[in-house]
Each structure stands twice: as structure tokens, then as C-alpha cells.
Amino acid sequence: MTIDLKTIKHISKLSRISVDESKAEKLAGDLNSIFKFIEKLNELKTDNVEPLTSVAETTLRLRGDEVKSENIKEEIIKNSPKENKDFFVVPKVVE
Amino acid sequence: MSDLTAQTLVKLCKNIKEKKVSSTEVTKAFIERSEKSKKLNAYITTDFENALTKAKQFDEKPNLDLKLPGIPIAVKDLFCTKNVKTTAGSKILQSFTPTYESTVTDNLWNAGGILLGKLNCDEFAMGSSNETSHYGNVQNPIDENLVPGGSSGGSASAVAAQLTPITIGTDTGGSIRQPASFTGTVGLKPTYGSCSRYGIVAFASSLDQAGPMSQNVEDCALLHEVISTFDNKDSTSINFKRNNYLQELSKNIKGKKIGIPKEYRVEGMPKEIEDLWQKGIDHIKDCGAEVVDISLPHTSYALPTYYIVAPAEASSNLARYDGVKYGFRAEGKNLIDMYEKTRSEGFGAEVQRRIMIGTYVLSSGYYDAYYLKAQKVRKLIKNDFDEAFKQLDAILTPSTPSSAFKIGEKKDDPVSMYLNDIFTVPVNLAGLPGISIPAGHDAKGYPLGLQIIGKAFDEQNILNIAYAMEEKIGFKNNITDWWIK
């Protein structure tokens, strides 16, 4: 399998990372060599193997649904790149 | 008291407790040495003024029962530190100042530790040479223009150069053990679930673990004792009985069974590493332990599995960097354009590459062929270890397939860079603890490490084996302070 420029464009859209032509070509080269390396896994038969999703073989703990922090709006907003004391600000979405 | 920075952590704690030296004197000594060592580029952010203030406060009312009484500590810049900038080595977090503290660093400060600053690392911990950091390369104190390894490269460099008595790093595929091996220091990757992930900038959540990096095994045991706690704020934190790792440290490993996996004798491995491994085996036998040849048949599939699982989790974890809530933002024509430009300008090449790999293996039509397949192979790799540990106490391997390389040497070939982690990655995939200890030098005089892998939650056992081997090996780091003029 090879990853072509069309696929790179598609992944870049899904990843929300803009990619220009020269970068796309470099990425295609890198990804192809990485996937060639990854394809070694096809040597193994895994039809009857259970996938491992977590090494910690415990069920997730439940906890009470309690409010632990109050009035931290300022803290939450503090690192926002566009300043506004009440909200996160983004480019206009609705015309 | 001369040469405070050359003292081990255990010695510094003892001297402070016996009032032979103050926290202020110790803190000053490490700050002075750090300031003379800017050429190493180990720090991204320093917090020296606050450190001195805190040291003075400690000395005015010293609590000498603490485990790290007034000890200054620099940490990897992947741990969120309240009111101190945390970048994860990325441009996208260049202006991020957390309003909360990670549990692991909180444990350090509660034990009496004092923050010196934040140490350089590969961007989002993705790298094996510290060359993907937005904040520049880090020099290995062993030799000029030599990488310190990665991703905890600044941490390894800072401990080896004695800019901090100890440090903490994080290890997703080898990011503590490989740089420890490259700098002649000790690095422990604990069992998954041993140290809380709360407040650590996430890379691959099913693999990430924080752990101690130090000059020797005793210091490593003490630091691990402080940072390993159960934490409700991390849903995968595990509540098991933790040891008093330093107090229970013992060189008696008589009768322990240590496995030597034949699959780790990889093609093209330098003879010096083969010899180093054999010497390690001899040392273990000298200590009265038994050595057994074993097989971990799926070892060669670990790295390809890792390069599906880790990028998949990373692509999901890094979706949060969108230029809206925190960090860097690039202006765009509309919302989507703003997202795409922010991520394209804010992330470096390696991070973008991994997000793309991850997005691809999770995308419709490819999920089963790549991601599900990798999860199945991950199970086989874990089964190999489970089977082996039925008759073993630990496994001994080299830490890395080579010694440290030159800056720039592997930068343009991602796959050859990835091969650095060939001996460390299986341990993360199986969630086991592994420790790298310095074990010798190659012909160039560069340090080489050996790795001891243990059963889950059996950190005490691998620390003990490391402690016994450390004495037999008698390793000395050749550091000449070449960067201080």
C-alpha cells in the first residue's frame, strides 16, 4: 500500500492541520516509510486474539458526582489566546 | 561544605537533616551551577528567584521529618506546575501557565521539594534525541554536540551535569530509560498506574508513566517513594500496597531468577553492547542469582505496534490544541481556517507526522487493519511477558541498541530514530516497570546502560537487583565540565 498526495490531503483535513504542496510530498515520503515498517504486523495471524485496550486489568472506578471546584471561571478563561473576561472568543461562525 | 552539587540526594537530605547545610546553601549551589551551564540548554524555564525564597522560608521553619527537606528539584516541562509556564517543548503551549499542579509534582512539594525550573524535552515527548523541542537542542554533558537522548533529554542532561540533584521524567516508549542510558544516569519507568498521570501533558494515555531519574539507585528509590501514590484524579491510578522503596532497598538477590531473552540479540547490535550484556549476566551470577535463557517471541513486533497505538492515542489527545482555550493561535479567515493554521504553525514536524499517522490508522476503513490489529498484537506481547514471569523474578536486557549519537545524525530518518526504542517499547506496551542503570562505556567513552524489567508492581525487586549490580559494576561517568568556561 502507498499513501498518495490525495490521501495526505484527506488526512490533513481530518487532522485539521493545513498542509501545502511541498509539505505534502515530504509527509507522503515519511508516512510511506513508516507504514512499510508497520506492515510487519501482517505476518501475524490474530483472528482469535482479544484486543488489549488497557494493561490495568481493573474496571474503572465510580465516584460520587460532586462539585469539587467552584467559581473558577477566571482560571479557566485565563490562558485563552483571545482576551475576554466572560467567554472564549472564536472567529465569527454565524453570518 | 564544598561541592554541594556533587552530593547524592540521600547525602544532601542527611546533611540538611543534621543541619550541616541549609536548604538555601544547597539551592544556591544548584542555581549557580545551572547558570554557568546555559550552553547545555537543559532548561526551558527557570524559577530561581522563587526557589531561593522558598528555601529561605524552609530554613526559617525547617520540617526535618520530610523526605525531601528543602531539596531543589528541576522537572521535565511536561508536568503542569501552578503559575509556572508549562510548554511541553511545543510552540503551541509557549504562553500556557497552568492554574493547577500535577499530582506527581504536588507530591514533590509536599515532601519538601522546591521547584528550580522546567527542563527541556522533545515536543509533547515525541522523540528520542530532544531534537524535536521548539526550544532548541539539548547538549549531552558527556560530549559536545552529542544528543542526551529523549524525550526526557533536558532531565537526563541536568541530572548528569549536576544542575539538579534528581529529576522526574515521563516514559511512553523509553523516554526515561533511553536518555538515562545515553547520559550514564539511572532512570525508572514504573508500572502503569503507579504514578498519577493527572496534570501531565498527555501523549499516549495507555502508555504514559512518570518516573524518577537520578545519579544512583538509592536516590531513585527515595524519589520513587515520594512520587508513587494512588490518586483519585487519574482513573487508571492503581491502589496497591506501595513499599518504602529506599528503606527496603537490599543488595541480597540470592536465588532470584533472571531471564535473558534471546530476541533482544538483534541483528547489527554492536559487539560492545553484546559484551556489556554478558558482563551484566556475570555480575548477576556473582550476586548469587540464577540466570535463565528465555524467549519473548513477539519482541520484533513491539515497535510497529507502538507506532500505531501511540500515534492513535496522540492524535486524539492532541485534538484539544485548537487555538481556542489556551496556547498559541494563528489568525484565519474563518473558524476551520483558524484551527488548521494554528495546528500547522503551532506543532512541529514530528508531532504533525504522528497526528497524521494516528488519524489515518483510526480513520474509517483502516481502523480494523491497523488499530485493532495493533491492539491484538499488543495482547500477544503482554502474553509473552506473563508467560515468562511465571518462572522468573526479572529480565535483563541492554537499554538501547547503541550509545548516544551526534546532533543531526538521525534527524531526517524517522524510522532509524524510532529504532532507538527497540528494547524499551515492549515494557510500556505490557505496562511493566523497567529500570536503566549505567553499566559501562563504549570505545568512544560514551555510557551504555542495562535494563532490568520486573513484574507489574514489583519495583522493589528491580530496584534491589539494580542496587546489587550497581555495586558490582562500579560505574563512573566521565564528565569534564567542557561546557563551563
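Not measured: the values here are computed from a predicted model.

J.: I'd like to hear about the overall build of chain B, residue by residue, with values.
T.: What chain B contains, in helices and strands, is 15 helices and 11 strands. Relative to its length of 485 residues, chain B is compact, with a C-alpha radius of gyration of 21 Å against a globular reference of 23 Å. Each of the three principal axes of chain B carries a C-alpha extent, and together these read 65 × 55 × 45 Å. Counting the 485 residues in chain B, one finds 61% classified as buried. If you take every contact in chain B between residues at least 6 apart in sequence, the share linking residues at least 24 apart comes to 76%.

J.: Got a sec to walk through the overall build of chain A? Specific residues and values, please.
T.: What chain A contains, in helices and strands, is three helices and zero strands. The secondary structure elements of chain A, listed N-terminal to C-terminal, are α-α-α. For chain A, the C-alpha radius of gyration of 23 Å lies well beyond 12 Å, the compact-globule estimate for 95 residues. Once the C-alpha set of chain A is aligned to its principal axes, its extents read approximately 55 × 45 × 25 Å. A buried classification covers 15% of the 95 residues belonging to chain A.

J.: Run through the confidence of the model for chain B, naming residues and quoting values.
T.: Here chain B shows a mean pLDDT of 96. Residues at 70 or above account for 100%. Interface confidence in the predicted complex, given as ipTM, is 0.95; pTM for the same model is 0.97.

J.: Break down the sheet that holds strand β3 (residues 114-119) of chain B for me, citing the residues and quoting the values.
T.: All names here are of chain B. Read from one edge to the other, the open sheet built from three strands follows the order β1-β3-β2, with strand pairing classed as mixed. For this open sheet the edge positions go to β1 (43-46) and β2 (72-76), each flanked by a neighbour on one side alone. Going from strand to strand, the sheet's axes swing by 35° on average, the running direction of each strand aside. Of the strand pairs in this sheet, β1 and β3 are connected by three bridges, and their pairing is antiparallel. Residue pairing in the sheet places Thr-45 in a bridge with Lys-118 of β3. Across the sheet, helix α3 (residues 48-60) lies against β1, β2 and β3, angled at about 160° from β3, the strand it touches most.

J.: Pulling in residues and values, what's your account of helix α8 (residues 271-286) of chain B?
T.: Residues and elements named next belong to chain B. For α8, spanning 16 residues, the distance from its first C-alpha to its last is 22 Å, which sits close to the expected 22 Å at 1.5 Å a residue. Looking only at α8, the buried set comprises Ile-273, Leu-276, Trp-277, Gly-280, His-283 and Ile-284. The buried side chains of α8 occupy one side of the element, clustering within an arc of 115° when seen end-on. Along α8, exposed side chains directed more than 90 degrees from the buried face belong to Lys-271, Glu-274, Gln-278, Asp-282, Lys-285 and Asp-286. On its buried face, α8 sits against β7 (257-261), β8 (290-294), β9 (394-398), β10 (434-441), β11 (447-454) and α15 (459-473).

J.: Pulling in residues and values, what's your account of the interface of chain A and chain B?
T.: With 39 residues of chain A at the contact, the number on the chain B side is 54 residues. Broken down by element, the side of chain A that touches chain B gets its largest block of residues, seven residues, from helix α2 (residues 21-38) of chain A. Taken together, the residues of the side of chain A that touches chain B break down into 21 nonpolar, nine polar and nine charged.

J.: Tell me what's going on with the packing of helix α2 (residues 23-36) of chain B against α3 of chain B, and back it up with residues and numbers.
T.: Residue and element names in this part refer to chain B. In the contact formed by α2 and α3, the axes pass within 8 Å of each other and the chain directions differ by 160°. One finds that α2 runs roughly antiparallel with respect to α3. Crossing handedness for the pair α2 and α3: right-handed. From α2, Ser-23, Thr-24, Thr-27 and Ile-31 reach across to α3, where they touch Phe-48, Ala-51, Leu-52, Ala-55, Lys-56, Phe-58 and Asp-59.

J.: Could you give an account of the nonpolar core, with specific residues and numbers?
T.: Generally speaking, a soluble globular protein has its nonpolar side chains buried in company with each other. Counting 151 residues, the largest nonpolar core has Ile-73, Tyr-307, Ile-308, Leu-463 and Ala-466 of chain B as the members making the most contacts within it. Per element, the largest residue contribution to this core is nine residues, and it comes from helix α9 (residues 302-317) of chain B. Ignoring anything within four residues of it in the chain, the contact list for Ile-308 of chain B reads Ile-38 of chain A together with Val-361, Tyr-370, Tyr-371 and Ala-374 of chain B.

What counts and what doesn't
- Residues numbered from 1 in each chain as written.
- Chains lettered and ligands numbered in written order.
- Predicted model: local features only at pLDDT ≥ 70, side-chain atom pairs only at ≥ 80, totals over all residues.
- Helix = DSSP H or I, 4+ residues; strand = E, 2+ residues; numbered from the N terminus.
- Rg over C-alpha atoms; globule rule 2.2 N^0.38 Å.
- Buried ≥ 20, exposed ≤ 12 C-beta atoms within 10 Å, placed from the backbone.
- Contact = placed C-beta atoms within 7 Å.
- pLDDT = per-residue confidence, 0-100.
- Pairing = 2+ DSSP bridges.
- Axes fitted to C-alpha atoms, helices over the stretch in contact; angles between N-to-C directions.
- Expected span 1.5 Å × (residues − 1).
- Arc of directions from axis to C-beta.
- Nonpolar A, V, L, I, M, F, W, Y, C, P; charged D, E, K, R; others polar.
- Parallel < 35°, antiparallel > 145°, perpendicular 65-115°, else oblique.
- Left-handed = near helix turned anticlockwise from the far one by under 90°.
- Core = buried A, V, L, I, M, F, W, Y, C linked by C-beta atoms within 7 Å.

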